[in-house]
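Below, each chain spelled out in residue letters.
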Amino acid sequence: RSVAANIATRLIQLHFAGFCLLVGLNMLAGDVWWAGEGVWWLIARTESPLTDLSVLAHWPLLINLWTHMIVAFHLVFGLLAWHPLARPLLIVCGFGIWVSMALITGLLAWCGMMMVASLAFVDPQWLGRWFMRNADDGADR
């Protein structure tokens, strides 16, 4: 590992964790997210969702839970991504959060970029081995 690569990785991690924390804090500043209606407001926008999720209007507790999970994820990721035991769980949960955000907002590129940015917290040697193993599996077919 080079010093420059380590510094660059740490800066990406710092910025991504800070970004998540600030997004969570910004959500807390809005009444819609506190009330648990943030996801519904995103679903109700006709121009953005990938799928019609208006059927969820009959499930207010699910909307409330989904909204609070998104807020909690942003806050928790910003604070606990540095803890080695919490990091894998946060990354896996993050992929679920970003996929759900893509469904309700329609921002595929943004959510994909967030998934890729969260990979900055994965050990680069593990990622390299994983990519090599999958590349070898693809070449055998």
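Residues numbered from 1 in each chain as written. Predicted model: local features only at pLDDT ≥ 70, side-chain atom pairs only at ≥ 80, totals over all residues. Heavy atoms only, no water.

## Concerning the overall build of the chain
Here is step 1 of the chain: For the chain, the count of helices and strands is seven helices and zero strands.
Here is step 2 of the chain: Order of helices (α) and strands (β) in the chain, N terminus to C terminus: α-α-α-α-α-α-α.
Here is step 3 of the chain: Counting only C-alpha atoms, the chain reaches 50 × 40 × 25 Å along its principal axes.
Here is step 4 of the chain: Counting over 141 residues, the chain shows a buried share of 33%.
Here is step 5 of the chain: Restricting to contacts in the chain with at least 6 residues of sequence separation, those with at least 24 account for 67%.
Here is step 6 of the chain: Summed over all atoms, the accessible surface of the chain reaches about 9000 Å², with 72% contributed by carbon and sulfur.
Here is step 7 of the chain: Each charge class in the chain can be summarised by its mean position, and for the 7 positive and 8 negative side chains these summaries are 14 Å apart. (Helix = DSSP H or I, 4+ residues; strand = E, 2+ residues; numbered from the N terminus. Buried < 20%, exposed > 50% of the residue type's maximum accessible area, 1.4 Å probe, protein only. Contact = heavy atoms within 4.5 Å. Areas by Shrake-Rupley, 256 points an atom, 1.4 Å probe, with all protein chains shown as cover. Lys, Arg positive; Asp, Glu negative; His and termini not counted. Charge placed at Lys NZ, Arg CZ, Asp CG, Glu CD.)

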